[in-house]
Every structure is written in C-alpha cells, then in structure tokens.
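Overview (structure and organization)
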Amino acid sequence: MSCNHHPSAQALIQYAAGNVAGLQRLMIKLHCKVCSGCQSAVDQFEEIGGATLDNLSDTPVAADSFAQIMSKIHSMDEAVSVADEQPYAQMIEKILTRGVSDKLNWHWRTKRFAEIILANEASGEEAKLIYFKKGMRVPQHTHTDKEYTLVLKGAFADDSGEYRRGDYVCKSALDEHAPRATSDCICLAITTSPLKFTGTFGPVLNWFLN
Amino acid sequence: MSNVVAINHYRERNSTLKASPTAKPSQEQNDFWISCLIDVAKNGSQASFQKLFKHFAPKIKTFFLKHNLSLQEAEELMQETFISVWRYADYFEANKGQVSTWVYTIARNKKLDFFRKNSRQVATTEMASEDIAFETGDQYSEAMGEEMITFLPQLPPEQLEVIQKVYFEELSHQKAADALNITLGTVKGRIRSAINNLNKLMRGGQ
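Heads up: these notes are all about the structure in this document.

Reading guide: rules and limits
- Residues numbered from 1 in each chain as written.
- Chains lettered and ligands numbered in written order.
- Predicted model: local features only at pLDDT ≥ 70, side-chain atom pairs only at ≥ 80, totals over all residues.
- Helix = DSSP H or I, 4+ residues; strand = E, 2+ residues; numbered from the N terminus.
- Buried ≥ 20, exposed ≤ 12 C-beta atoms within 10 Å, placed from the backbone.
- Contact = placed C-beta atoms within 7 Å.
- Pairing = 2+ DSSP bridges.
- Axes fitted to C-alpha atoms, helices over the stretch in contact; angles between N-to-C directions.
- Expected span 1.5 Å × (residues − 1).
- Core = buried A, V, L, I, M, F, W, Y, C linked by C-beta atoms within 7 Å.
- Parallel < 35°, antiparallel > 145°, perpendicular 65-115°, else oblique.
- Left-handed = near helix turned anticlockwise from the far one by under 90°.
- Nonpolar A, V, L, I, M, F, W, Y, C, P; charged D, E, K, R; others polar.

Things to note about the overall build of chain B
When helices and strands are tallied, chain B shows nine helices and one strand. Looking at chain B residue by residue over its 206 residues, the buried ones come to 34%. Across chain B, the fraction of contacts at a sequence separation of at least 24, relative to all contacts at a separation of at least 6, is 64%.

This is the structure we're talking about:
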C-alpha cells in the first residue's frame, strides 16, 4: 500500500533526531509502518545521527561500568520486560495495522461523530481519536495553530484531496477546510490549539465545543 | 560517454562525502563492529561485547550529556543502552548498514523514554520557533513509489553539514554559524535549501 500524504522532510528529520516526542512521534512512526518510502528516508536520516555519534568526543565511563552492565544483564529475567510504552500506543497501532477498533470507549457527540480524548500532552497539544461515519461533515474550520491527522482506517476528503489509511495530513492556520468522511473513518488527530469554526454557526460551535 | 560522466560524478560524490564531518566510519571498521554484534548475538561473547563497549560507551555518554542530562543520568542511560545492545543484538540487520546508526537509535530512544518518564520536554530545535517559511509546510502530498531511493548522498555536503549541526547536535543557528565559520544568514539559507532539496529528493525528484 502506498500513501499519498506524507510528513515533510523536516518532520522526518526531527523524528530521526529524536526532537519529536509523544503522540506526534507515534503518528510519524505509524505512518512509516505503512509507508516504505518514508521509512527509508528515516533510515537515511538516522545515519546522520549515527555519524554524529561516531564523531563525538569520549566521556570517561564509571570504573566498574562494564561489570555493572554484565551483572544487570545476568540478574534479569530472560523474559524481556514489556517496554512501558506511552499509553494508547498499542491500541492505536492495532487500529491501523489490523483494523481492530471494537471495544473502544467512544464518546458519541452526534449520531455520526464520536471521539476519545487521549491524555493531553504536557506541551498543551490536544490529542483525540475521532470516528466519523460515512457522509459525516465536520463544519468548516481553520486552526489557530496546527492540526495533524493520521488516517487509521477508512478515508475522508476535503477540497484538497482524499486521505486514506496511513495518510499524514497537516493543516495550518491558513488552511480552511470542511472534511467529510468518504467511508467510516477513524483518525488520530492532534491539535496544537483548539479548532476555530468559521462558518455561519461558527461562533456558536466554538462556544459549545471549546 | 555517459557512463564515464556517471562514474566521475560518483567519485566526486564519494570524495566530498569522505571530507565531510558526517563521514561514516570506514567499511572495514563497520564490518568489524558487525562481526562483534554477530558474536554477541550468536555466542553471547563478552569479549566482543566489551569491544563494542570500549568504543561506543564513552561516545554514548557524551551524547546524553549533550542532551542536558547529568553525569549520573548519562552513565545510567549509557548502561541501559548497552543492556539493549546485548539483548537485541540479533535484531540488528547487517545489510541495513552502520552499527553506529543502530546504536544511535537505541540511545535516542532511551533519551526519549527518560524524558517521557520524567515529564521533561524534548528540546525542540530552533527551527520550530523560527520564522523561516517553508513552501511545503509540515506535510508533503504526492504519491511515492514503493522503491527505496538513496537520496542523501545527493544533498550538497555543506547542506548536510548544517542539518547535522542544527538537528542532530541541536546547536542554535548562531552556534552552528560559529562552529562552521559562516554567517547566520548562510546557516538559515542552507537549512532552507536543504529542506527544499530533501523534499524533492525523497520523492525521487532531482
């Protein structure tokens, strides 16, 4: 499967350099899972990281450092302890890779639109899983800063095109759009500040939803 | 005739890469690290593990110090990195390239884990808050072929160097300018060109 909408080179470099954290990092990681081209780009950017590491000066390690490492290795269970990933990571990955989205605790906002608020990141970004049923239209809106969306399942479209599974979309304050689901659609959405509705009922919606 | 041109172009590229500070370790060196890793993975060899440790551990410690961690934190994370090197040695794909790159990704992930557990913010590179307008924004829309494109060698070395300084060494634009002995404007210009070039090269453009 190939995607049509990708993170920019800048976003992939930041990712490779470890300057993106939290759910935004997860978003790029998941995109790369289904987009071999972006994965290959990340691999190449990571080589810059490897070369940078190799050219660093040396800092003396503790005298018994190696012995400590060996003793920690030997005292650990063979069973690799489960990496305590960030919450939600596995659930979100399952939706993308296996289409599994049942048993989720959706909050239905309307008959055709539901969401799950994910823990807010310390940086003030807001992250949600959103579910819109086929045909659902999100009122026309812009963003006060940026909105990142990763399509996990299904598809949606706006004036600039259609976005399918794996597509990575970034809308900025300049983009006014009214997305509609072209099939039942689940997205991971991160906004760096609240949406601003701009249509006729915009002020009312802003008041209700924000 | 066109072959000759291609070969010359290739040689030229190779020589500029060797001269750049982002130059990779030599093939033999990397092959040696790969053989050490294989020995660790297959035979649980402490001797080979120690060779990797001697070379990489002091650099990894520096890596963590550069990310504003204390000496003690840097030592702990370096040790954790090596525990992962031991554990996941058999996950290294020798055909995928550099051992230093693989070790780097482990250390980077340890840093991110540590920051998350301690609710520390990752340092956003100066880029994010700078007022440089990129034509392509944060997203790039175009169908991308399935085939892998090795594009990085096509980036002019002076642009690669700036990317390394600003994103991977996390220097401010001014410090990158000082380190490279060029003006602040040149740094900004090169970043902009590099990003624009990479956006094209990544998608198979020239």
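Still to come is the rest of the account.
Thoughts on the sheet that holds strand β7 (residues 155-158) of chain A
Strand-to-strand pairing in sheets goes through backbone hydrogen bonds, with the strands running parallel or antiparallel. Residue and element names in this part refer to chain A. With respect to topology, three strands assemble into an open sheet ordered β8-β7-β10, the strand pairing being antiparallel. The strands lining the two open edges of the sheet, one partner per strand, are β8 (161-164) and β10 (180-181). Pairing between β7 and β8: four bridges, direction antiparallel. Paired with phenylalanine 156 across the bridge in β8 is tyrosine 163.

A closer look at the environment of Ile48(A)
All names here are of chain A. Along the chain, the position of isoleucine 48 falls in helix α3 (residues 36-54). Judged by the 23 C-beta atoms lying within 10 Å of it, isoleucine 48 is buried. For the pair isoleucine 48 and lysine 133, spaced 85 residues apart in sequence, the C-alpha to C-alpha distance is 43 Å.

Some thoughts on the pairing of β7(A)
One face of the sheet, then the other: side chains in a regular strand alternate in exactly this way. Residue and element names in this part refer to chain A. What sits between the antiparallel neighbours β7 and β8 is a turn of two residues. As paired elements, β7 and β10 share two bridges and run antiparallel to each other. Within β10, the position partnered with phenylalanine 156 by the bridge is alanine 181.

Some details on the environment of Gly18(A)
Residues and elements named next belong to chain A. Structurally, glycine 18 is set in the loop between α1 (9-16) and α2 (22-34). A tally of 25 C-beta atoms within 10 Å means that glycine 18 is categorised as buried. Counting along the chain gives 76 residues from glycine 18 to lysine 94, while the straight-line C-alpha distance between them is 24 Å.

What to know about the sheet that holds strand β2 (residues 107-110) of chain A
All names here are of chain A. Pairing within the open sheet is antiparallel, and its six strands lie in the order β2-β3-β4-β11-β6-β9. Only two strands of the sheet have a single neighbouring strand rather than two, namely β2 and β9 (168-172). Across this sheet, the average inter-strand angle for adjacent strands is 25°, counted without regard to direction. Against the sheet, helix α5 (residues 89-98) touches β6 (146-153) and β11 (185-191), its axis set at about 55° to β6.

Regarding α2(A)
Taking 1.5 Å of rise per residue, 13 residues should cover 18 Å, and α2(A) covers 19 Å from first to last C-alpha, within 8% of that figure. Listing the buried residues of α2(A) in full gives Gly22(A), Leu23(A), Gln24(A), Leu26(A), Met27(A), Ile28(A), Leu30(A), His31(A) and Cys32(A).

Description of the nonpolar core
Counting residues in hydrophobic clusters, the biggest one holds 65 residues, and the most contacted among them are Leu12(A), Met27(A), Leu152(A) and Cys187(A). No other element matches the seven residues that helix α9 (residues 184-202) of chain B contributes to this core. Once residues lying within four places of it in the same chain are set aside, the contact partners of Leu152(A) are Ile92(A), Ile95(A), Leu96(A), Arg165(A), Ile186(A), Cys187(A) and Leu188(A). Counting 29 residues, the second-largest nonpolar core is a separate cluster that includes Ile69(A), Cys36(B), Leu37(B) and Leu77(B).

A word on the packing of helix α7 (residues 157-168) of chain B against helix α8 (residues 173-180) of chain B
All names here are of chain B. Where α7 meets α8, the axes come as close as 9 Å, and the angle between the chain directions of the two elements is 130°. Taken as axis vectors, α7 and α8 run oblique relative to one another. At the point where α7 passes α8, the crossing takes the right-handed sense. Together, Glu161, Val162, Lys165 and Val166 of α7 and His173, Ala176, Ala179 and Leu180 of α8 make up the contact between the two elements. Looking at the contact of α7 with α8 residue by residue, the classes come out as five nonpolar, one polar and two charged.

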